[in-house]
Every structure is written in C-alpha cells, then in structure tokens.
Amino acid sequence: MTEFYGLPNAGEFWHWTNLLHFILVGLAGGMALLTGLLHLKGHREARRYTLWTLVLIALDLFVLWAESPARFRFTHVWLFLTFHPASPIWWGSWGLALSFVSAGLLYLGKGPGRPLALALLAFSLVALAYPGMALAVNLNRPLWNALMAGLFPLTALVLGLGVAALLKSPWALYPLRVLLGASLLLAFLYPLTLPLEARGHLWEESGVLYGLFLALGLGAFWKEGLAPWAALLAAAGLRALLVAVGQWQGLGL
Amino acid sequence: MPRYAMAIDLSLCVGCAACAVACKMENEVPPGVYNLWIREREVGTYPDLWVEFRPEQCLHCENPPCVPVCPTGASYQTEEGLVLVDPRKCIACGACIAACPYDARYLHPAGHVSKCTFCAHRIAQGRLPACVETCPTLCRTFGDLDDPESPVSKALKEAGRMDVLRPELGTRPKLFYLNAPSKKGLTREKEVRHD
Ligand code: SF4
Ligand code: SF4
C-alpha cells in the first residue's frame with residue numbers, strides 16, 4: 001500500500017480542450033498540405049481550399065489561445081521571440097503561423113504564387129509532424145512511443161482528405177482510403193509495440209473505444225457515402241484517445 | 001560555479017511532513033498542488049517489513065527532459081544546475097509537465113507552471129532550502145556536489161547505499177536517496193491519496 005502526505009502532481013494535464021486542439025491541428029495541417037499541392041498544380045479548387053485552410057488554422061489558434069491559462073498574460077509572444085529548435089511545440093507554432101501567412105497571401109493573390117505554394121507545403125509538413133513529435137519525445141510516458149511520430153501525420157492527412165471528400169472533391173476518396181488503411185494498420189499494430197504494463201493500461205482505460213474507432217475506420221471501405229464520415233471520426237477519435245490515455249506514466253516510481 | 005544537489009537519508013525520515021509544510025509556507029504554494037510530498041509505502045514481505053517514507057520533489061536533473069521541450073525558454077537550467085521556470089515566459093502549454101518523469105511540475109492557478117526551486121531565492125542569500133532547515137531528524141543535506149567538504153558530498157560518501165529515481169531514463173537526478181530499505185519485495189499495489 002502506498003499513501004501520501006501531499007500529492008505528486010500526477011494525473012491529467014491535458015484536458016478536452018487540448019484534445020480538441022490535437023484534432024484541429026490535424027485538420028488544419030492536412031488541409032494546408034492539400035492546399036499547397038492544389039496551388040502547385042494550378043487546380044481550380046485551390047482558392048476554395050485556401051479559405052478552408054485559413055479558417056481551420058484560425059480556429060485551432062483560437063482554441064489554443066482560449067484554453068491557455070496564460071491567455072491574458074500574452075506570454076505567447078515568446079514563442080516567436082526565442083529560438084528553441086529542440087521543442088516540437090516551438091516548431092509547431094512557427095509551422096502554423098507561417099502556413100497561415102502563406103495561405104493568406106495566396107488567397108489575396110499577393111506575392112509570387114509558386115514559391116508561396118511551396119512554402120505552404122513546407123510549413124504544413126511542420127504543422128503535420130509536430131503533434132506526434134511532441135508526444136514521442138516523452139520517453140517517460142510508455143504509451144507515447146515512436147509510433148506517434150508516424151500515426152499523427154498520417155491521421156492528419158486522413159482528416160484533411162476527409163474534409164476534401166465531404167467537399168465533394170472527386171480526387172479525395174482514393175488517397176483517403178489508402179492513408180486511412182495505413183493509419184488503421186499502424187493503430188492495429190500499435191498495442192503490440194507497447195510494454196506489457198502499458199498495453200494493459202490501454203486495454204483497461206480505453207480498449208473498447210480503441211476497438212470502436214478501428215471498426216469505424218473500416219466503415220470507410222464499405223460504402224462511398226460513408227467513407228468521409230467514418231474516416232474523420234476514426235482519425236479524430238484515435239488522435240484524441242491516444243493523447244488522453246497516454247498521459248499515464250506507468251508505475252515507474 | 002557550485003553544482004547544487006540534495007540528499008535525503010531515508011533511514012532517518014519519519015514522515016512527519018515538516019518539510020512539506022515548510023515548503024508550502026516558504027514558497028506560498030497554493031492549495032491542491034505541491035512542490036514537495038511524502039510517499040509512504042510498505043517495503044518487504046513478512047516478517048521483514050518496513051514502512052518507508054520518501055519525500056519527493058523536483059530532482060533538478062542534470063539532464064532535465066523538461067527544459068528542451070519548452071517552446072519559450074521559460075524552463076531553463078542555471079549554471080549552478082538549478083532547473084527553474086520563468087513565469088513571465090511560460091505559456092502553460094504543459095509540454096514540460098508531460099516531459100517530467102517524476103510528476104514534479106504543476107499548473108499554478110496564476111496561469112504558469114511551477115515546481116520546487118531548491119529555494120533558489122534562499123540559496124542566493126546564502127541560506128539553506130526551507131525543507132533542509134526545517135527537517136527535525138536532519139535527514140536532508142544540501143550543498144555543492146563539486147566540493148568534497150560540502151554536507152551533501154560528505155553524506156553521499158558516508159552512505160551505505162545511494163539511489164536515484166528512474167535512473168534508466170538518463171535524467172541524472174541531483175536528489176539522492178540514501179540508505180533506503182531493500183527494494184526486494186517492494187509492494188506495487190494501487191496508490192491511495194490523501195489531499
Ligand atoms: S524532476 Fe522533473 S521538473 Fe525537475 S528537473 Fe527533472 S524533469 Fe525537470
Ligand atoms: S508550460 Fe511553460 S515552462 Fe512548461 S514547456 Fe510550456 S512554456 Fe515552457
């Protein structure tokens with residue numbers, strides 16, 4: 001039996017608002033990448049997608065600001081006044097901010113189109129990559145293993161393509177199914193990559209929900225009309241669930 | 001430049017929590033969050049049983065995982081090896097809380113992250129951390145790890161046994177536990193918490 005006088009500061013430090021951010025940043029990053037590609041191809045849908053990208057990034061940044069306990073201390077300015085390349089969140093802040101600026105310039109038609117599209121592509125890749133990296137760097141949390149660095153960018157692309165499929169872009173369905181298939185395969189294998197204790201925790205805390213999201217994802221391969229919704233729900237659910245349940249430290253102490 | 005460290009002799013700790021109370025007062029730690037807490041656990045198996053009291057706090061790791069993940073530089077390491085948080089730069093993103101393997105950090109109600117500072121403000125005045133000064137059994141020692149004559153260096157030299165928490169993570173803690181009862185048969189039941 002272990003008891004305490006006072007308490008270790010264990011427990012949840014990221015709450016539902018943070019989980020929402022992990023979904024929104026995937027949507028925003030995925031859409032930004034698609035927008036960059038559409039601009040490079042000179043696709044007629046590029047402008048519509050640029051607006052979606054701007055809205056989603058703005059929404060994500062708003063959620064981040066609104067949920068921050070530091071929102072009225074304006075300390076966020078330090079993200080852009082300091083240089084911390086070892087921090088995934090520092091990269092993410094720049095990735096999102098510069099994606100927004102380049103998408104904004106593209107939407108307004110200001111500046112050279114191709115270089116701006118290339119810049120948007122590069123910045124969106126940073127925005128896609130950083131959430132998984134922000135989790136994977138925590139060697140102390142066994143559920144956030146190196147697989148996060150692959151699963152989060154993949155599910156972000158699924159989220160972006162899910163929205164594209166809902167917007168009735170005919171080119172979206174095939175890559176959506178391919179990337180969703182890859183995400184589901186990774187998510188299926190993920191428990192096998194965990195130490196026994198961590199696997200037990202995942203199973204106890206959210207085994208049913210995890211299985212449900214995997215099954216939902218499979219629905220995308222069934223009917224075309226269902227595909228975007230099934231993909232969106234599965235990708236968003238898996239992202240939120242992994243962030244929530246991964247905050248567990250194990251019994252290391 | 002000194003390299004500050006602390007040692008706690010677990011064979012002397014009686015779990016009175018005077019250090020935890022002193023810390024709350026000295027650092028004005030708000031209700032519900034802790035710079036320092038005491039873990040009480042049964043060690044061993046019958047008939048070799050022992051109750052171990054283990055005070056825990058930020059270990060001021062030499063290789064602190066909480067510092068590089070900070071996107072604003074609010075979490076930093078001083079030349080003396082103290083790991084501190086500058087509340088004026090903290091955006092409360094929680095990355096450092098996630099990175100700390102010891103649950104030492106918490107969100108202060110003022111909207112920034114906080115934790116034990118080894119009483120940096122007292123050290124600057126040439127005083128000891130409040131927990132060290134208060135401990136009635138003198139189980140805590142503090143000082144410069146690079147000075148062989150400092151109390152902490154002497155305590156480490158004289159200890160029969162020395163442990164750090166989760167050494168496999170490579171954080172190189174500077175809070176050392178001395179003379180802990182054997183880890184053999186350590187119970188790993190569910191934790192019970194009293195706020
Ligand atoms: S104990 Fe935690 S907060 Fe303290 S230095 Fe180590 S990692 Fe950082
Ligand atoms: S919560 Fe504050 S100190 Fe911690 S990583 Fe974020 S900005 Fe840095």
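Model, not experiment: these values are computed from the prediction.

1. Brief notes about the overall build of chain A
At step 1: Helix and strand counts for chain A come out as 9 helices and 1 strand.
At step 2: For chain A, the N- to C-terminal ordering of α and β elements is β-α-α-α-α-α-α-α-α-α.
At step 3: Taken against the 2.2 N^0.38 rule, which gives 18 Å for 253 residues, the C-alpha radius of gyration of chain A at 19 Å falls within 12% of a compact globule.
At step 4: Expressed along its principal axes, the backbone C-alpha trace of chain A runs to roughly 65 × 50 × 25 Å.

2. Observations concerning the interface of chain A and chain B
At step 1: Facing 37 residues of chain A, the contacting portion of chain B comprises 54 residues.
At step 2: For the pair chain A and chain B, the summed buried area comes to about 4200 Å², and 54% of that belongs to carbon and sulfur atoms.
At step 3: Counting across the interface, chain A meets chain B through 0 salt bridges.
At step 4: Counting the contacts that link chain A with chain B gives 21 residue pairs in polar contact (both at pLDDT 80 or more).
At step 5: Put simply, the parts of the chain that give the side of chain A that touches chain B at least two residues each are strand S1 (2–5), helix H3 (78–81) and helix H4 (88–108) of chain A.

3. Overview of the site of ligand 1
At step 1: Taken together, 13 residues surround ligand 1, and among them Cys58, Cys61, Cys66, Cys100 and Arg105 of chain B come closest.
At step 2: Looking at the shell around ligand 1 residue by residue, the class counts come to 10 nonpolar, 1 polar and 2 charged.

4. Some words on the pattern of salt bridges
Residue and element names in this part refer to chain B.
At step 1: Here the structure, examined in full by the defined rule, presents 13 salt bridges over all chains.
At step 2: Between Asp86 and Arg88 there is a salt bridge whose closest N-O contact spans 3.1 Å.
At step 3: When its relative accessible area of 13% is taken as the criterion, Asp86 is described as buried.
At step 4: The network of salt bridges with shared partners includes Arg3, Glu62, Asp146 and Arg172.

5. Looking at the side chain of Glu45 of chain A
Residues and elements named next belong to chain A.
At step 1: Structurally, the position occupied by Glu45 is in the loop between helix H1 (16–41) and helix H2 (46–67).
At step 2: A polar contact of 2.7 Å, which involves the side chain of Glu45, links it to the side chain of Arg48.
At step 3: A distance of 2.8 Å separates a polar atom in the side chain of Glu45 from a polar atom in the side chain of Trp171.
At step 4: Dropping the residues within four chain positions of it, Glu45 is found in contact with Leu38, Ser169 and Trp171.

6. Observations regarding the site of ligand 2
At step 1: Around ligand 2 lies a shell of 13 residues, among which Cys70, Ser75, Cys90, Cys93 and Cys96 of chain B are the nearest.
At step 2: Its residues assigned to classes, the shell around ligand 2 shows 10 nonpolar, 3 polar and no charged.

7. Regarding the nonpolar core
At step 1: Grouped together as the largest cluster of nonpolar side chains are 77 residues, with contacts concentrated most on Trp14, Leu27, Leu135, Leu143, Met148, Tyr190 and Tyr210 of chain A.
At step 2: Here this core takes 12 residues from helix H9 (residues 227–245) of chain A, the largest share from any one element.
At step 3: A domain split of this core shows at least three residues from each of domain 1 (13–137) and domain 2 (143–253) of chain A.
At step 4: One finds Met6, Leu59, Cys135 and Leu165 of chain B within the second-largest nonpolar core, a separate group that totals 36 residues.

8. Examining the pairing of strand S8 (residues 140–144) of chain B
All names here are of chain B.
At step 1: Most of S8 sits out of view: 5 of its 5 residues are buried.
At step 2: With 5 bridges connecting them, strand S1 (residues 4–9) and S8 associate as antiparallel partners. In the strand pairing of S8, Tyr4 is matched with Asp144.

9. Some details on helix H5 (residues 113–136) of chain A
At step 1: Along its 24 residues, H5 of chain A runs 35 Å from first to last C-alpha, staying within 8% of the 34 Å computed at 1.5 Å per residue.
At step 2: When the local axis directions of H5 of chain A are compared, the greatest deviation, roughly 35°, occurs at Tyr130 of chain A, which is followed within four positions by the proline Pro131 of chain A.

10. Concerning the UniProt feature "transmembrane region" (unreviewed entry) in chain A
Residue and element names in this part refer to chain A.
At step 1: This chain's UniProt record puts "transmembrane region" (unreviewed entry) on residues 20–40, 49–68, 88–109, 116–137, 143–167, 174–194, 206–222 and 229–248.
At step 2: Secondary structure over residues 88–109 splits into 95% helix and 0% strand, and the C-alpha atoms at its two ends are 31 Å apart.
At step 3: From the first C-alpha to the last, residues 143–167 spans 35 Å; its make-up is 76% helix and 0% strand.

11. Comments concerning the side chain of Gln247 of chain A
All names here are of chain A.
At step 1: Relative to the elements of secondary structure, Gln247 occurs in the segment after H9.
At step 2: From its side chain, Gln247 meets the backbone nitrogen of Phe13 in a polar contact 2.8 Å long.
At step 3: Setting aside residues up to four positions removed in sequence, Gln247 forms contacts with Gly11, Glu12, Phe13, Trp14, Arg141 and Trp144.

12. Looking at the pairing of strand S3 (residues 48–57) of chain B
Residues and elements named next belong to chain B.
At step 1: With 10 bridges connecting them, strand S2 (residues 36–45) and S3 associate as antiparallel partners. Paired with Val43 across the strands is Trp50, a residue of S3.
At step 2: Hairpin geometry of S2 and S3 is characterised by an intervening segment of 2 residues between the two adjacent antiparallel strands.

13. A few points about the confidence of the model for chain B
All names here are of chain B.
At step 1: Per-chain confidence: chain B averages 91 in pLDDT, with 93% of residues scoring 70 or above.
At step 2: Note on residues 184–195: pLDDT under 50 across the span, and 31 contacts to partners over four residues away in sequence or across chains.
At step 3: With pTM at 0.93, the complex prediction returns an ipTM value of 0.94.

Thresholds, definitions, all that
Residues numbered from 1 in each chain as written. Chains lettered and ligands numbered in written order. Predicted model: local features only at pLDDT ≥ 70, side-chain atom pairs only at ≥ 80, totals over all residues. Heavy atoms only, no water. Helix = DSSP H or I, 4+ residues; strand = E, 2+ residues; numbered from the N terminus. Rg over C-alpha atoms; globule rule 2.2 N^0.38 Å. Contact = heavy atoms within 4.5 Å. Buried area = accessible area lost by both parts, 1.4 Å probe. Salt bridge = Lys/Arg side-chain N within 4 Å of Asp/Glu carboxyl O. Polar contact = N/O pair within 3.5 Å; in protein donor to acceptor, adjacent residues only side chain to side chain. Near = heavy atom within 4 Å. Nonpolar A, V, L, I, M, F, W, Y, C, P; charged D, E, K, R; others polar. Buried < 20%, exposed > 50% of the residue type's maximum accessible area, 1.4 Å probe, protein only. Core = buried A, V, L, I, M, F, W, Y, C linked by side-chain atoms within 4.5 Å. Domains from an automatic or database assignment. Pairing = 2+ DSSP bridges. Expected span 1.5 Å × (residues − 1). Bend = angle between axes of the 7 residues up to and from the residue. UniProt positions renumbered as here; feature names shortened; annotations may be inferred. pLDDT = per-residue confidence, 0-100.

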